[in-house]
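# Survey of secondary and tertiary structure
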Protein chains: 2
Amino acid sequence: MNGAHAVLRTLVANGVDTCFTNPGTSEMHFVAALDDVPAMRPVLALFEGVATGGADGYGRMAGRPAATLLHLGPGLGNGLANLHNARRARTPIVNIVGDHATYHQPLDAPLASDIVGVARNVSRWVREATGPETVGADTAAAIAEARRGGVATLILPADASWLEGADVGTCPPAPVVANATADEIDLVRKALRSGEPAALLLGGGALCEPGLLAASRIAAATGARLLCETFPARLERGAGMPAVERLAYLAEFAAAQMENLRHLVLVDAKDPVSFFAYPNLPSRLAPDGCQLHTLVPEGAAAPDALAALADALGATRELPARARAERPDRPAGELTARTLAQAVGALLPEGAIVSDEAQTGGLFVSGATAGAPRHDWLTLTGGAIGQGMPVATGAAVACPDRKVLSLEADGSAMYTLQSLWTQARESLDVTTIIFDNRAYAILNLELSRVGARTDGNAADQFDLSRPPLDFVALARGMGVEAARAETAEELCSALERALAQRGPFLIDAIIPSGF
Amino acid sequence: MNGAHAVLRTLVANGVDTCFTNPGTSEMHFVAALDDVPAMRPVLALFEGVATGGADGYGRMAGRPAATLLHLGPGLGNGLANLHNARRARTPIVNIVGDHATYHQPLDAPLASDIVGVARNVSRWVREATGPETVGADTAAAIAEARRGGVATLILPADASWLEGADVGTCPPAPVVANATADEIDLVRKALRSGEPAALLLGGGALCEPGLLAASRIAAATGARLLCETFPARLERGAGMPAVERLAYLAEFAAAQMENLRHLVLVDAKDPVSFFAYPNLPSRLAPDGCQLHTLVPEGAAAPDALAALADALGATRELPARARAERPDRPAGELTARTLAQAVGALLPEGAIVSDEAQTGGLFVSGATAGAPRHDWLTLTGGAIGQGMPVATGAAVACPDRKVLSLEADGSAMYTLQSLWTQARESLDVTTIIFDNRAYAILNLELSRVGARTDGNAADQFDLSRPPLDFVALARGMGVEAARAETAEELCSALERALAQRGPFLIDAIIPSGF
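These remarks concern the structure in this document. For clarity, every value in this text was computed on a predicted model and none was experimentally measured. Within any chain, residue numbers begin from 1 and follow the written order of that chain's sequence. Written order determines the labels here, with chains lettered from A and ligands numbered from 1. In keeping with the model being predicted, local features are shown solely for residues with a pLDDT of at least 70 and side-chain atom pairs are shown and tallied solely at 80 or more, while totals for entire chains, interfaces and linings include all residues. Excluded from the side-chain calculation are hydrogens and water; included are all heavy atoms of the structure.

## Re unusual backbone geometry
That bond from Arg 466 of chain A to Pro 467 of chain A is cis: its omega, -5°, falls within 30 degrees of zero. Backbone geometry at Leu 72 of chain B places phi at a positive 55°, although glycine is not the residue there. A run of H or I in DSSP becomes a helix once it reaches four residues, and a run of E becomes a strand once it reaches two; helices and strands are each numbered from the N terminus. Of note, Leu 72 of chain B is situated in helix 4 (residues 72-89). Residues other than glycine seldom take positive phi values, yet Asp 268 of chain B does so here, at roughly 55°. Relative to the helices and strands, Asp 268 of chain B resides in the loop between strand 11 (263-267) and strand 12 (291-296). Burial here depends on accessible area, computed with a 1.4 Å probe over protein chains only, as a share of the maximum for the residue type. Under 20% is buried, over 50% is exposed, and the range in between is partly exposed. With relative accessibility at 2%, the residue Asp 268 of chain B sits in the buried group.

Okay, structure coming up:
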């Protein structure tokens, strides 16, 4: 068999049966091989950022890697921002980047560039295949590395695809993740029993139901607070789940949340730092004098460690701190960030997957949905905007029986709006709400902090009203049904309509007052 | 003054007075400083690929660099594909990438990444500023490097912008480009006088009027053919200009164009290689036994060398080979790639700038415009699609008094469609024609070469008809007036309307038959 067939057969033999694609000529033999490997589902994107963000959303929900198929260095570049987000989410992705044939590379053809150098930016592992003999094994190695959590990039020269003499690779078993030791648990136990103010900072794998239940037992037994990293990859939440308090995005607010802490226990999370640095503000967010304890490092088996810690603390198995089932009333009147959030809280369906890139306009959505029926919340892990709509797309591919709600800021939407076309092509059940405040509102906020004028060239950089974007037209242009909402009633009505049907739908929610 | 002011003042003091931007928080002090340096024109883009491609189009037409303003590693990633094209075009660009404050970088905040590693992929020069004391000099160095032809990347940490103590930098004088030596000219003269079949391959700076006039004298004196690289950065052409034959994109056709050559003289061009490798086809395009001669290397003073060579050959100053003024008739009937090309040829206005990313659907446009009034032709230098609309945007910023015609394939358009919003916001005089064949037609062609089925998963990867893109809706969604054309008459009528007014306009030209 040729190399392309070996790559595809190795992928599907190891459960990687979905590939988010934007191929070109150097990937042609891979594409041709799709006809012979029907177990692989190719999901075409019109832009690589949709493909890489799609693989991120898929991996977060499926818990196993999707593949991508990108076209040389420029294709990788177009996909880089969402691979950056996937790296921060530690999402398993087998990132396949086609390259020129090995003997063509030294000739510096127009599309030649240093793919390895760019791939290193986002990848835990990078390998360039050298020929058909080893490409099956290379693919198996990429799958194994992706399963450790993160982006494994396999660069695939065209001749490694088209030459015969390849074999299906064998994937090593998934690595066993080490548990926290008894000593590690005991150190944390003592800190939490010190009587001093303490909190757990939960991240990554701690934010699933078993992790949150164990953390909630610990909180009940010790009085420790439960904090959650600012941008979790996937947070299970809603009525019946233990509530956690997400660290705020703005440094001052996050620091205030931790103001009096003497102990901060990191559970699959990092020592928290501010998203950006500001003149005369500290970058680290935990207060001076707060001791850090690492229960488990990032990527380790957080739920097991939390359960062991809860047991060591003699914590009861009862859970006093589950979120109550409660929804806001359906809002009426003016459409604002607040009434928009109420509408989402009032109508969010059971089992929804929420992809949240609503930014400033979405300030109140998390609070308004805390008691809504159980759902998953996916966020902007790496801060590279243009992630929300692709992640929603990939999550819908992974979970075809669940409704996906894509909460999207107008400015952020315009980076990867091509997601809508893939949603239409694949009939994905995604409802998108554009939080349309016609500004890079979060940057207006930052600009006011540096004391700039509100009417000059600077402020004009964050004004998206000239001309206004018409997201209804944009959605229809890509084959997605859409409606505009200018009042809370219109929003509720459009959202009910969208949620009652299957397939993609977009609501352009106009919130001119910003907040 | 603070670092941001020093950067801006250094730029404008050296003629870099246009900046294509998509900033974020780490660039906030740069943005704020725009209020105090009104000589800098910021041009906001909704996506970084529009900003970098805009700077490319600007630089190609203005002959001097624009700046960009990008947001950390992910912003650079989003702009990378068009910086790749700019690198291949050797367009001068001062590429400014904001970064975290220097002391914040080691903390690995969510947006942190290896910017230098990615920037190297596309940059002739990369420097990370270390603080306000040197940032003015760093900016001056970036300008000097960009002027040598290519992308100079200055990474600008937030504190290098916000701290006081900076000064305006002094730019060294532009480098003197070495001329070809008498010996070099004599070697080429002898080859052209050998009586054996010979051609000049003209690229880069040779493709301006003085270079082409001198080359035409040489052709007239020696019988040498005039070839032009496949994807020139800027080709001056039309009635009254010497005609050159562009090397074909497909390897077989390009090789056929050079079949019997014994001498190929490279004039600011590279030894031609096929765009992609194919099984059992050679990568180098010049035939075996064809001698290569380099009159001047890439980036050297090609027009001077050509003039010196013409004089050394005793070539007459008369030019027998100017393109005659002739246009096709206005087409009627079915809209096809051929009638679409005829319409462009019939109506192209004097002094137009054509940004050509029409791909397969544009096959006949070059021929149909050969005798149209004088115009410039800008092409896909690096092969990274999504370049045409941004380049058109930047060219319109550089040349506000000239009509820009953006010829764009439907698939390629969808990478950087956000260009339309910038065109609307800046009232740029760009007419876009979408060559809407509802397919990645060039990839269908490549797929047929590898023998794949036409009805399987493979072929489906290149089908853009499900759902069809409605470019009229997409354009209106970004505030650009638009019309659909389904017959040759409708196209002519829409094109006349677009050319008669100022400002952006888009025509969705449906050519369902592909060719």
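## Some details on the packing of helix 8 (residues 182-192) of chain A against helix 11 (residues 302-312) of chain A
All names here are of chain A. With their axes 10 Å apart at the nearest point, helix 8 and helix 11 run at an angle of 55° to one another. Considering their axes alone, helix 8 and helix 11 lie oblique with respect to each other. The crossing of helix 8 and helix 11 is right-handed. Facing helix 8, whose interface residues are Ile 185, Val 188, Arg 189 and Leu 192, helix 11 presents Ala 305, Ala 308, Leu 309 and Ala 312. Residues were grouped as follows: Ala, Val, Leu, Ile, Met, Phe, Trp, Tyr, Cys and Pro as nonpolar; Asp, Glu, Lys and Arg as charged; and all remaining residues, including Gly, as polar. When grouped by side-chain class, the residues that make up the contact of helix 8 with helix 11 number seven nonpolar, no polar and one charged. Here an angle of 0 to 180 degrees is reported between the N-to-C directions of two axes, which are lines fitted to C-alpha atoms, with helices fitted over the stretch in contact. Convention used here: angles under 35 degrees read as roughly parallel, angles over 145 as roughly antiparallel, angles from 65 to 115 as roughly perpendicular, and any remaining angle as oblique. In this scheme, a crossing is called left-handed if the near helix is turned counterclockwise away from the far one by less than a right angle; it is called right-handed if the turn is clockwise. Throughout, a residue-residue contact means that at least one pair of heavy atoms, one from each residue, lies within 4.5 Å.

## A look at the side chain of Asp 56 of chain A
Residue and element names in this part refer to chain A. Following the sequence through the fold, Asp 56 ends up in helix 3 (residues 48-62). Since its relative accessible area comes to 0%, Asp 56 is described here as buried. Counting of polar contacts relies on pairs of N or O atoms within 3.5 Å, with two restrictions inside protein: one atom must be capable of donating a hydrogen and the other of accepting it, and residues adjacent in sequence are counted only when both atoms are side-chain atoms. At 2.6 Å, the side chain of Asp 56 forms a polar contact with the side chain of Thr 91. Ignoring anything within four residues of it in the chain, the contact list for Asp 56 reads Asn 82, Asn 85, Ala 86, Ala 89, Thr 91, Ile 93, Gln 387 and Val 391.

## A closer look at the sheet that holds strand 12 (residues 291-296) of chain A
Residues and elements named next belong to chain A. A sheet is described by the order of its strands in space; here five strands give the open sequence 10-8-7-11-12, paired in parallel fashion. Strands at the two margins of the open sheet, each flanked by one partner only, are strand 10 (245-246) and strand 12. Two strands are counted as paired when DSSP detects at least two bridges linking them. Pairing of strand 7 (residues 198-202) with strand 8 (residues 225-228), which is carried by four bridges, proceeds in the parallel orientation. Following the sheet pairing, Leu 202 is matched in strand 8 by Cys 228. The strands touched by helix 8 within the sheet are strand 7, strand 11 (263-267) and strand 12, with strand 12 carrying the most contacts at an inclination of about 140°. The strands touched by helix 9 (residues 209-222) within the sheet are strand 7 and strand 8, with strand 7 carrying the most contacts at an inclination of about 175°.

## As for the sheet that holds strand 16 (residues 430-436) of chain B
Working definition: the strands of a sheet are paired by backbone hydrogen bonds and lie parallel or antiparallel to each other. Residue and element names in this part refer to chain B. Pairing is mixed in the open sheet, where seven strands are placed in the order 9-14-13-15-16-18-17. Where the open sheet ends on each side, the last strands, each with one partner, are strand 9 (235-237) and strand 17 (481-485). Looking at each pair of strands side by side, their axes are set apart by 20° on average, direction ignored. Alignment of strand 9 against strand 14 (residues 375-378), held across three bridges, turns out to be antiparallel. Within strand 14, the position partnered with Glu 236 by the bridge is Asp 376.

## Describing empty space enclosed by the protein
Using a probe with the size of a water molecule, rolled over the atoms, empty space left in the structure can be pinpointed. Here a cavity means grid points, on a 1 Å grid over the protein atoms only, where a 1.4 Å probe fits yet cannot get out; a pocket means an open set of points with protein on both sides within 12 Å along at least five of seven lines; lining residues are those with an atom within 4 Å of a point. Grid points are joined across faces, edges and corners, and a volume is the space filled by probe spheres set on the points. For the coordinates displayed, the defined rule picks out three cavities of 30 Å³ or more. If you go around the largest cavity, the residues you meet are Met 414, Leu 417, Gln 418, Leu 474 and Met 478 of chain A together with Met 414, Leu 417, Gln 418, Leu 474 and Met 478 of chain B. Looking at side-chain class alone, the lining of the largest cavity contains eight nonpolar, two polar and no charged residues.

## A word on the packing of aromatic side chains
Whether two aromatic rings pair depends on their centres lying within 6.5 Å, for rings of Phe, Tyr and Trp, where Trp uses its six-membered ring; planes under 30 degrees apart make the pair stacked, over 60 edge-to-face, and the rest tilted. This structure, assessed with the given rule, holds 13 aromatic pairs over all chains. The structure contains a cluster of three or more aromatic residues connected by ring pairs, namely Phe 47 and Tyr 415 of chain A together with Phe 47 and Tyr 415 of chain B. For a lysine, the NZ atom is tested; for an arginine, the CZ atom; a charge sits over a ring if that atom is within 6 Å of the ring centre and within 35 degrees of the ring normal. Across from the ring centre of Trp 377 of chain A, 4.6 Å away, lies the NZ or CZ of Arg 237 of chain A, which sits over that ring. Looking at Arg 338 of chain B, its charged tip hangs above the ring of Phe 364 of chain B, at a distance of 4.0 Å from the centre.

## Describing the pairing of strand 15 (residues 404-409) of chain A
All names here are of chain A. Counted residue by residue, strand 15 has six buried out of six residues, so it is predominantly covered. Covered by surrounding structure in strand 15 are Val 404, Ser 406 and Glu 408 together with Leu 405, Leu 407 and Ala 409, the residues of both alternating faces. One ladder, built from five bridges, connects strand 13 (residues 352-357) with strand 15; its direction is parallel. Considered in strand 15, the bridge of Ser 355 is made with Ser 406. As paired elements, strand 15 and strand 16 (residues 430-436) share six bridges and run parallel to each other. If you follow Glu 408 over to strand 16, its bridge partner there is Ile 434.

## A few points about the relation of the copies chain A and chain B
Between the two copies of the chain lies a rotation about an axis combined with a shift along it. With an RMSD of 0.0 Å, the operation that places chain A on chain B is a rotation of 180° combined with a shift of 0.0 Å along the axis. The transformation relating the two chain copies, once decomposed into turn and shift, fits a two-fold axis. The fraction of interface residues of chain A whose copies in chain B are also interface residues reaches 100%, indicating that both copies meet through the same surface. The fit set for superposing copies consists of C-alpha atoms from residues with pLDDT of at least 70 in both; the fit itself is least squares.

## Observations regarding the interface of chain A and chain B
Interfaces are often sized by the accessible area lost when the parts come together. At the interface, 92 residues of chain A touch 92 residues of chain B. Summing the contributions of chain A and of chain B, the shared interface buries around 7,900 Å²; its carbon and sulfur component is 62%. Put simply, a salt bridge is a Lys or Arg side-chain nitrogen that is within 4 Å of an Asp or Glu carboxyl oxygen. Counting the contacts that link chain A with chain B gives six salt bridges. Asp 460 of chain A is paired through a salt bridge with Arg 425 of chain B; the nearest N and O atoms lie 2.9 Å apart. There are 44 residue pairs in polar contact (both at pLDDT 80 or more) connecting chain A and chain B. Looking at the side of chain A that touches chain B, the elements that each hand over two or more residues are helix 2 (28-33), strand 2 (41-44), helix 4 (72-89), helix 5 (115-119), helix 16 (419-425), helix 17 (441-449), helix 18 (457-460) and helix 19 (471-477) of chain A. When its residues are assigned to classes, the side of chain A that touches chain B shows 52 nonpolar, 26 polar and 14 charged. Here the quantity called buried area is the accessible surface, traced with a 1.4 Å probe, that two parts lose on coming together, added over both.

## Remarks on the side chain of Asp 508 of chain B
Residue and element names in this part refer to chain B. If you trace the backbone, Asp 508 turns up in strand 18 (residues 505-510). A relative accessible area of 0% places Asp 508 in the buried class. Polar contacts involving the side chain of Asp 508 include one to the main-chain amide nitrogen of Phe 471, which spans 3.3 Å. What Asp 508 contacts, discounting residues up to four positions off in sequence, is Ile 434, Asp 436, Leu 469, Asp 470, Phe 471, Val 472, Ala 483, Arg 484 and Ala 485.

## Here's the deal with the pattern of salt bridges
Pairs can form between side chains of opposite charge whenever their charged atoms are close. Residue and element names in this part refer to chain A. Counted by the stated rule, this structure contains 60 salt bridges over all chains. Arg 60 is the salt-bridge partner of Asp 56, the closest N and O atoms lying 2.9 Å from each other. In this pair, Asp 56 and Arg 60 are both assigned in helix 3, four residues apart and thus about one turn of the helix distant. Here Arg 60 falls in the buried class, since its relative accessible area comes to 7%. Asp 311 is paired through a salt bridge with Arg 217; the nearest N and O atoms lie 2.8 Å apart. Residue Asp 311 is located in helix 11, and its partner Arg 217 is located in helix 9; the two are separated by 94 residues in the primary sequence.

## Description of helix 3 (residues 48-62) of chain B
All names here are of chain B. Working rule for helices: expected span equals 1.5 Å times residues minus one. The end-to-end C-alpha separation of helix 3 is 21 Å, in line with the 21 Å expected for 15 residues at 1.5 Å each. Of all 15 residues making up helix 3, 14 are buried, and the element is well covered by its neighbours. Of the residues one or two after helix 3, Gly 63 is the one with positive phi, at around 75°.

## Concerning helix 17 of chain A
When helix 17 of chain A is considered as a whole, its buried residues turn out to be Ala 441, Leu 443, Glu 446 and Leu 447 of chain A. Considering only its buried residues, helix 17 of chain A is in contact with helix 18 of chain A together with helix 2 (28-33) of chain B. Downstream of helix 17 of chain A by one or two residues, Gly 451 of chain A has phi in the positive range, about 80°.

## Digging into the environment of Asp 410 of chain B
Residues and elements named next belong to chain B. Along the chain, Asp 410 falls in helix 15 (residues 410-413). Judged by its relative accessible area of 2%, Asp 410 is buried. A C-alpha to C-alpha distance of 22 Å links Asp 410 and Arg 449, two positions 39 residues apart in sequence. When residues no more than four places from it in sequence are discounted, the contact partners of Asp 410 are Ile 434, Phe 435, Asp 436, Asn 437, Arg 438, Ala 439, Leu 464 and Phe 471. A polar contact is formed between the side chain of Asp 410 and the backbone nitrogen of Ala 439, at a distance of 3.4 Å.

Read these as layout, nothing more, since geometry by itself doesn't imply function.
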